[in-house]
Amino acid sequence: METTLLQTWLAEETAIRAKVSPFGVSSREYLRSRNGKDFLNGVNTGETPPPPIAELMGFVLISAENGTVVFQGTPGPQHYNPSGMVHGGYAATLLDSAVGCAVHSTLPAGKGFTTLELKVNYIRGMSDKTGPVRAEGKVITAGGQVAVAEGRIIDSNGKIYAHATTTCLIFEI
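Residues numbered from 1 in each chain as written. Predicted model: local features only at pLDDT ≥ 70, side-chain atom pairs only at ≥ 80, totals over all residues. Heavy atoms only, no water.

Pairing is antiparallel in the open sheet, where six strands are placed in the order E1-E2-E4-E5-E6-E3. The outermost strands of the open sheet, each flanked by one partner alone, are strand E1 (59-65) and strand E3 (111-122). Strand-to-strand twist of the sheet, defined as the mean angle between neighbouring strand axes without regard to direction, takes the value 20 degrees. In the sheet, strand E2 (residues 68-73) pairs with strand E4 (residues 133-142) via six bridges, with the strands oriented antiparallel. Directly across from Gly 73, in E4, lies its bridge partner Val 133. Running at roughly 95 degrees to E1, helix H1 (residues 5-19) makes contact with E1, E2, E4 and strand E5 (146-155) of the sheet. Strand contacts of helix H5 (residues 88-104): E1, E2, E3, E4, E5 and strand E6 (160-172), with the helix running at about 140 degrees to E3, the strand carrying the most contacts. (Pairing = 2+ DSSP bridges. Helix = DSSP H or I, 4+ residues; strand = E, 2+ residues; numbered from the N terminus. Axes fitted to C-alpha atoms, helices over the stretch in contact; angles between N-to-C directions. Contact = heavy atoms within 4.5 Å.)

That's the geometry; what it means functionally is another story.
This is the structure in structure tokens:
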């Protein structure tokens, strides 16, 4: 029997969630001592605590490579706005995490970043029927002080739900 992409996504999420440590915030010293890619990959090995926002929103880091990051979450009723659809803030938070962490994955030890600007284009609504979605972030360019990245939210059928671009400020930690 052939494994579907959805089954693969769910299996990856389950395997990662089994390894992560409790949610928390890393110290400045810890953050300063690791390059961005190693820091992010430490989340999936249990060395780095996943951030509290991931617990609140119910998403998980799937992968972090140099300049590319993927998060996965499943929108549900807890993310609804008053009109019974997933609030746009859910997509914005997933995308801000994906594009920001894509930038972070390119940084050497001792460097950090902050979002200067985030622009989100909503393409279609999400509900508790959508199933798992992935926010994929990719760096367009990263310099000494400024980085630009883009991201998108897709489902396992390839439907796109939102697209974003960001500009981040890079600085010494």
